[in-house]
Amino acid sequence: GDSVTQMEGPVTLSEEAFLTINCTYTATGYPSLFWYVQYPGEGLQLLLKATKADDKGSNKGFEATYRKETTSFHLEKGSVQVSDSAVYFCALSDHRGNYGQNFVFGPGTRLSVLP
Amino acid sequence: ETGVTQSPTHLIKTRGQQVTLRCSSQSGHNTVSWYQQALGQGPQFIFQYYREEENGRGNFPPRFSGLQFPNYSSELNVNALELDDSALYLCASSRMTGDNSPLHFGNGTRLTVT
């Protein structure tokens, strides 16, 4: 079945450092790819998405490019802030026609940014 | 635009009891999905409802059941609670379209089974 693998955390960075969180996937079809972020005590919020190969999703300074050849969707940010401290989830979605979408989430990567 | 709301926010139950969690979808959304998120893990798909019928289910036993109402709100019911059912239960709504529309999550219900 479909699966998502993420780099293990926690990741601890200083403010203004460069961030990369690796994500790779296994899917039988051509999924859409997503990054979600979860702040303490809250649900998941959509950060960005890409629906086909070579698409780049971006939001709030975060970027990720859909790489079909390497089945990857790595999350990057050039300069992190303390407010970026959260848990980040990579996810894929395979559409199942009339049966809607099948979302599969990775285990999450906790990011801590120190001032 | 009203987001996804869940109730209650926290709940403590005893092993063997039954629980009902509730969710109101984001306006304009007709599909509701439920996820279980154990501590330190990613969300695991329980099931999805569309037009008041279950149209997808993850690897969860039948004691996990649900309902969707005509206004697209939803309930998750869990019977015969076990200690391992302790988790954050997330409801997510979306539009049933062909464009892989993203899930919109509520803040979850934290269930503790003792």
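Everything below is about the structure printed above this text.
Residues numbered from 1 in each chain as written. Chains lettered and ligands numbered in written order. Predicted model: local features only at pLDDT ≥ 70, side-chain atom pairs only at ≥ 80, totals over all residues. Heavy atoms only, no water.

A.B. asks: What should I look at first to understand the nonpolar core in this one?
C.D. replies: Here is a general trend for soluble globular proteins: nonpolar side chains tend to be buried in one another's company. Core analysis: the largest hydrophobic core is formed by 26 residues, its most contacted members being Trp35(A), Leu48(A), Phe73(A), Leu75(A) and Tyr88(A). Elements that contribute at least two residues to this core include exactly strand 2 (11-14), strand 3 (19-21), strand 4 (23-26), strand 5 (32-38), strand 6 (44-50), strand 8 (62-65), strand 10 (86-95) and strand 12 (109-114) of chain A. Residue contributions to this core peak at four residues, all from strand 10 of chain A. Listed in part, the 20 residues of the second largest apolar core include Cys23(B), Val32(B), Val78(B) and Val113(B). (Core = buried A, V, L, I, M, F, W, Y, C linked by side-chain atoms within 4.5 Å. Buried < 20%, exposed > 50% of the residue type's maximum accessible area, 1.4 Å probe, protein only. Helix = DSSP H or I, 4+ residues; strand = E, 2+ residues; numbered from the N terminus.)

A.B. asks: Would you mind showing me how to read the pattern of salt bridges here?
C.D. replies: Think of it this way: side chains of opposite charge can pair up when their charged atoms draw near. All names here are of chain A. Enumeration over the complete set of coordinates arrives at seven salt bridges over all chains. A salt bridge links Glu63 to Lys56; its shortest N-O distance comes to 3.7 Å. Overall, Glu63 belongs to the partly exposed group, its relative accessible area being 33%. Residue class for Lys56 comes out exposed when judged on its relative accessible area of 51%. Across the salt bridge formed by Asp84 and Lys77, the nearest N and O atoms sit 2.7 Å from each other. Exposure class is identical for Asp84 and Lys77. Each is buried. (Salt bridge = Lys/Arg side-chain N within 4 Å of Asp/Glu carboxyl O.)

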